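Architecture at a glance
Chain residues, written in single-letter form:
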Amino acid sequence: KAGVTQTPRYLIKTRGQQVTLSCSPISGHRSVSWYQQTPGQGLQFLFEYFSETQRNKGNFPGRFSGRQFSNSRSEMNVSTLELGDSALYLCASSLEPEISGNTIYFGEGSWLTVV
Amino acid sequence: AQSVTQLDSQVPVFEEAPVELRCNYSSSVSVYLFWYVQYPNQGLQLLLKYLSGSTLVKGINGFEAEFNKSQTSFHLRKPSVHISDTAEYFCAVRRTDSWGKLQFGAGTQVVVTP
């Protein structure tokens, strides 16, 4: 069974540009969440989607957005990139969240460098 | 709100020695508890989780953790480490009603030397 797949794995962008990251959850998983990991702030929750609806949002500016498609695949977008957006962006998936204690599985992440 | 404190940022340990990584949490509501491991240039892998029941939880790769409700702790242990256990370890909590949102600690870097 394939794990959580994230593309691209590595990318370099220039300040002011925008970026779109993609995530394919484990087959059968309908909940997708995103996290940002930086050396200074650690792992921070960005948002979570279930059934194409954002269910939860972390404390990030509006430049960070996401969406989920009917096949549960998800994308996140960061507009007007800043140097501080350089980070590892991790996608995670799980089964229906109503099932208590479902494990959250992570992908290998997308490394974004903003120059 | 919840918070997670990992008491050690780095733990050096010799191969075949035991290791304990400490995690304390605070929360005004019920939470689930998790330990994840991150190897260099990789994502997070679940080691173990505590949902309810027995306070001693066994996970993968010989790791175990003990939930202590009175001390709000969830310390991770391994009786004998290998070089391959060199990684960063994250303690995390999740509200029982918050679906996917994990609150992570700052991480503990474990460095195993021969």
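For the structure, see preceding data.
The notes below deal with the structure included here.

What counts and how
Residues numbered from 1 in each chain as written. Chains lettered and ligands numbered in written order. Predicted model: local features only at pLDDT ≥ 70, side-chain atom pairs only at ≥ 80, totals over all residues. Heavy atoms only, no water. Helix = DSSP H or I, 4+ residues; strand = E, 2+ residues; numbered from the N terminus. Rg over C-alpha atoms; globule rule 2.2 N^0.38 Å. Buried < 20%, exposed > 50% of the residue type's maximum accessible area, 1.4 Å probe, protein only. Lys, Arg positive; Asp, Glu negative; His and termini not counted. Charge placed at Lys NZ, Arg CZ, Asp CG, Glu CD. Pairing = 2+ DSSP bridges. Core = buried A, V, L, I, M, F, W, Y, C linked by side-chain atoms within 4.5 Å. Disulfide = S-S within 2.5 Å. Axes fitted to C-alpha atoms, helices over the stretch in contact; angles between N-to-C directions. Contact = heavy atoms within 4.5 Å. Buried area = accessible area lost by both parts, 1.4 Å probe. Salt bridge = Lys/Arg side-chain N within 4 Å of Asp/Glu carboxyl O. Nonpolar A, V, L, I, M, F, W, Y, C, P; charged D, E, K, R; others polar.

1. A few points about the overall build of chain B
Secondary structure assignment for chain B yields zero helices and twelve strands. Secondary structure of chain B in N-to-C order comes out as β-β-β-β-β-β-β-β-β-β-β-β. Relative to the 2.2 N^0.38 estimate, which gives 13 Å for 114 residues, the radius of gyration of chain B is 14 Å and therefore close to what a compact globule would have. The C-alpha extent of chain B, read off along each of the three principal axes, is 45 × 30 × 20 Å. Counting over 114 residues, chain B shows a buried share of 46%. Charged side chains in chain B number 9 positive and 9 negative. The centres of these two groups are separated by 12 Å.

2. Let's talk about the pairing of strand E6 (residues 44-50) of chain B
All names here are of chain B. Most of E6 sits out of view: five of its seven residues are buried. Relative to E6, strand E5 (residues 31-38) runs antiparallel, the two sharing six bridges. Bridged to Gln 38 within E6 is Leu 44.

3. A few points about the nonpolar core
Ranked by size, the top nonpolar core spans 28 residues in total, and within it Trp 35, Leu 48, Leu 76 and Tyr 89 of chain B carry the most contacts. By size, the runner-up hydrophobic cluster in this structure holds 21 residues, among which are Leu 21, Trp 34, Leu 81 and Cys 91 of chain A.

4. Some details on the state of the cysteines
Each disulfide consists of a covalent bond between the sulfur atoms of two cysteine residues. All names here are of chain B. Under the definition given, this model contains two disulfides over all chains. One disulfide bridge connects Cys 23 with Cys 91, the sulfur atoms lying 2.0 Å from each other. Its S-S torsion of about -65 degrees marks the bond between Cys 23 and Cys 91 as left-handed, since a negative value means left-handed. Of the two residues, Cys 23 sits in strand E4 (residues 23-27) while Cys 91 sits in strand E10 (residues 87-95), which places them 68 residues apart along the sequence. Cys 91 matches Cys 23 in its accessibility class, with the two residues each being buried.

5. Some thoughts on the sheet that holds strand E8 (residues 74-78) of chain A
Residues and elements named next belong to chain A. Reading across the sheet, the four strands line up as E1-E3-E8-E7 and stay open at both edges, with antiparallel pairing between neighbours. Strand pairing shows two members of the sheet lacking a second neighbour, strand E1 (5-7) and strand E7 (64-68), which therefore form its edges. Direction aside, the axes of adjacent strands within the sheet are offset by 20 degrees on average. Where E7 meets E8, five bridges bridge the pair, whose relative direction is antiparallel. Within the sheet, the bridge partner assigned to Ser 65 lies in E8 and is Asn 77.

6. Details of the interface of chain B and chain A
Taken together, the 18 residues of chain B in the interface contact 23 residues of chain A. Taking both partners together, chain B and chain A bury about 1,800 Å²; carbon and sulfur atoms supply 56% of that area. Counting across the chain B and chain A interface gives zero salt bridges. Counting residues per element, the ones that place at least two in the side of chain B that touches chain A are E5, E6 and E10 of chain B. Counted by class, the side of chain B that touches chain A contains nine nonpolar, six polar and three charged residues.

7. What about the pattern of salt bridges?
All names here are of chain A. Summed over all chains, the structure comprises ten salt bridges over all chains. Of the charged contacts in the structure, one is a salt bridge between Glu 82 and Arg 63, with a shortest N-O distance of 3.6 Å. Taken together, the residues Glu 82 in the loop between E8 and strand E9 (87-94) and Arg 63 in the loop between strand E6 (53-57) and E7 connect sequence positions 19 residues apart. You can call Glu 82 partly exposed: its relative accessible area is 43%. The partner of Arg 73 in a salt bridge is Glu 75, and the shortest N-O contact between them spans 3.5 Å. For Arg 73, a relative accessible area of 24% gives the class partly exposed. Among the charged side chains, a salt-bridge network with shared partners connects Arg 63, Glu 82 and Asp 85.

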